[in-house]
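Each chain is listed here by its residues.
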Amino acid sequence: MATDRYDHRPLDRSARVLVAGRRGLVGSAVWRHLAREGFTDLVGPGSAELDLRERGAVLDWFAAVRPDVVVLAAARVGGIKANATRPAEFLSDNLRIQVNVLDAALKHGTERLLFLGSSCIYPKFAEQPIREQALLTGPLEPTNDAYAIAKIAGILQVQAVRRQYGLPWISAMPTNLYGPGDNFHPEHSHVLPSLIRRFHEAKVSGVRRVVNWGSGAPCREFLHVDDLARACLHLLESYDADSPVNVGTGTDLSIRELAALVADVVGYRGSIEWDPTQPDGTPRKLLDVSRLTALGWTPRIDLREGIAQTYAWYVESLESGTLRH
Ligand SMILES: NC(=O)C1=CN([C@@H]2O[C@H](COP(=O)(O)OP(=O)(O)OC[C@H]3O[C@@H](n4cnc5c(N)ncnc54)[C@H](OP(=O)(O)O)[C@@H]3O)[C@@H](O)[C@H]2O)C=CC1
Ligand SMILES: C[C@H]1O[C@H](OP(=O)(O)OP(=O)(O)OC[C@H]2O[C@@H](n3cnc4c(=O)[nH]c(N)nc43)[C@H](O)[C@@H]2O)[C@@H](O)[C@@H](O)C1=O
């Protein structure tokens with residue numbers, strides 16, 4: 001069994017780093033951060049170039065490129081409705097992406113690897129704030145159990161490689177994320193981009209009534225993706241143990257409060273209503289982030305400031321026609 005080590009071990013800035021999922025919300029932020037931090041050999045094929053579900057292609061790609069470091073931010077990702085309506089793809093795609101990348105990385109000598117899970121791996125009614133030790137202590141939230149099981153398998157595979165091969169691979173469990181590069185699809189996205197889009201469209205078209213999903217009572221914690229990107233590098237350089245590490249802000253708010261905040265930032269002044277026929281999901285999933293803060297990392301971007309910056313990015317991308325959806 002690997003022992004816990006917490007020395008600061010800076011990564012070589014000339015190491016070849018694969019940022020898998022480089023065009024996504026997380027991957028693009030990790031790429032920006034690594035580039036800013038002086039990394040000179042970043043690689044990140046998109047899914048059209050390398051479909052990570054295709055085992056043979058992934059093994060061939062690793063044999064040819066041989067990355068020293070991998071940040072695995074490629075996954076099938078979506079909000080509550082996408083997860084609830086497409087569990088088969090969320091399970092199968094994520095299992096295949098992970099197994100292929102982790103197996104290829106092991107076979108072709110990747111020394112450092114960061115696997116990204118999600119706070120939905122924890123039991124639906126976990127004690128709050130949720131500590132890393134809560135993993136596998138109770139039933140999952142049904143709207144995202146397929147995705148959560150795939151992510152739990154990824155954590156276990158990283159731990160198995162550590163135990164069997166002694167490699168310093170690690171896993172991080174981010175809370176709900178948002179920021180530039182997010183998916184703003186009206187049905188498939190997460191709540192924060194959905195609200196930005198809905199309030200913006202209502203403001204622009206003069207609609208005075210907006211209806212959001214669920215009761216508005218669930219609580220969520222939101223972390224700006226640039227803060228997550230800093231945490232990813234911080235962990236790769238300072239953490240080396242079996243347990244996944246939670247990444248969040250340590251504070252949450254209700255979806256109702258979030259909606260009021262987003263409406264205010266966007267400048268929507270009409271009524272905000274709720275559709276209880278839509279799913280609420282887990283009632284609360286506030287992460288205990290003491291393990292990460294003990295390593296010297298703290299979030300920097302305040303929620304209102306982060307939403308304002310993301311809204312500005314959304315409007316700019318809409319006007320230039322560069323939005324993903
Ligand atoms: N967003 C959030 O709130 C949270 C995200 N996470 C985790 O962070 C990671 C990244 O999520 P996020 O950036 O939000 O997701 P996005 O949907 O924004 O990006 C996903 C990325 O994965 C790539 N991808 C998907 N399928 C394949 C495939 N078959 N082959 C190759 N690449 C593929 C996409 O590539 P392309 O664009 O080229 O198609 C895309 O770049 C995931 O592991 C997720 O679980 C964890 C907690 C919260
Ligand atoms: C990151 C995380 O993301 C998902 O879990 P989730 O936290 O439930 O994420 P969500 O952002 O989709 O919803 C949060 C809350 O917000 C409410 N809500 C209101 N109105 C809208 C709305 O318009 N869109 C969405 N998506 N939700 C809305 C919604 O009803 C729910 O109560 C999983 O994919 C999970 O696997 C995962 O990892």
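Please read these numbers as outputs of a predicted model, since none were measured by experiment.

1. Considering the overall build of the chain
- Each helix and strand in the chain was counted, giving 10 helices and 12 strands.
- On C-alpha atoms alone, the chain measures out to a radius of gyration of 19 Å, which is about the 20 Å that the 2.2 N^0.38 rule sets for 325 residues.
- Counting every position in the chain, which comprises 325 residues, the buried fraction comes to 45%.
- For the chain, restricting intrachain contacts to residue pairs at least 6 apart in sequence, the fraction spanning at least 24 positions comes to 83%.

2. Brief notes about the site of ligand 1
- Around ligand 1, the structure places 24 residues, and the nearest of them are Gly21, Gly24, Val26, Gly46 and Ser47.
- At the level of secondary structure, the elements contributing two or more residues to the shell around ligand 1 comprise helix 1 (25-36) and strand 6 (176-178).
- Broken down by element, the shell around ligand 1 gets its largest block of residues, three residues, from helix 1.
- Tallied by class, residues from the shell around ligand 1 come to 11 nonpolar, nine polar and four charged.

3. Some remarks on the UniProt feature "binding site: substrate" (unreviewed entry) in the chain
- Under the UniProt annotation, "binding site: substrate" (unreviewed entry) lies at Arg198, Trp213, Arg220 and Asp280.
- Take Trp213: it is sitting in strand 7 (residues 209-213).
- Those residues in contact with Trp213 that lie beyond four places of it in its chain are Asp275 and Gln278.
- Residue position: Asp280 is located in the loop between strand 12 (271-275) and helix 9 (290-293).

4. As for the environment of Trp274
- Take Trp274: it is sitting in strand 12.
- Here Trp274 falls in the partly exposed class, since 17 other C-beta atoms lie within 10 Å of it.
- Along the chain, Trp274 and Arg22 lie 252 residues apart, while their C-alpha atoms are 35 Å from each other.
- Residues in contact with Trp274, not counting those within four places in the same chain, are Val211, Asn212, Gly214, Ser215 and Gly216.

5. Describing helix 1
- Given a rise of 1.5 Å per residue, 12 residues ought to cover 16 Å, and the 17 Å separating the end C-alpha atoms of helix 1 matches this to within 8%.
- For helix 1, the tally of buried residues reaches nine of 12 residues, placing the bulk of the element in the interior.
- Buried residues of helix 1: Leu25, Val26, Gly27, Ser28, Ala29, Val30, Trp31, His33 and Leu34, and no others.
- Packing partners of the buried residues in helix 1 comprise strand 1 (16-20), strand 2 (41-43), strand 3 (69-72), strand 4 (112-116), strand 6 and helix 7 (225-238).

6. Focus on the environment of Val289
- With respect to the secondary-structure elements, Val289 resides in the loop between strand 12 and helix 9.
- Between the alpha carbons of Val289 and Ile130 there is a distance of 8.5 Å; along the sequence they are 159 residues apart.
- Leaving out residues up to four positions away in the same chain, Val289 has contacts with Asn246, Val247, Gly248 and Gly250.

Criteria and cut-off values
- Residues numbered from 1 in each chain as written.
- Chains lettered and ligands numbered in written order.
- Predicted model: local features only at pLDDT ≥ 70, side-chain atom pairs only at ≥ 80, totals over all residues.
- Helix = DSSP H or I, 4+ residues; strand = E, 2+ residues; numbered from the N terminus.
- Rg over C-alpha atoms; globule rule 2.2 N^0.38 Å.
- Buried ≥ 20, exposed ≤ 12 C-beta atoms within 10 Å, placed from the backbone.
- Contact = placed C-beta atoms within 7 Å.
- Near = placed C-beta within 6 Å.
- Nonpolar A, V, L, I, M, F, W, Y, C, P; charged D, E, K, R; others polar.
- UniProt positions renumbered as here; feature names shortened; annotations may be inferred.
- Expected span 1.5 Å × (residues − 1).

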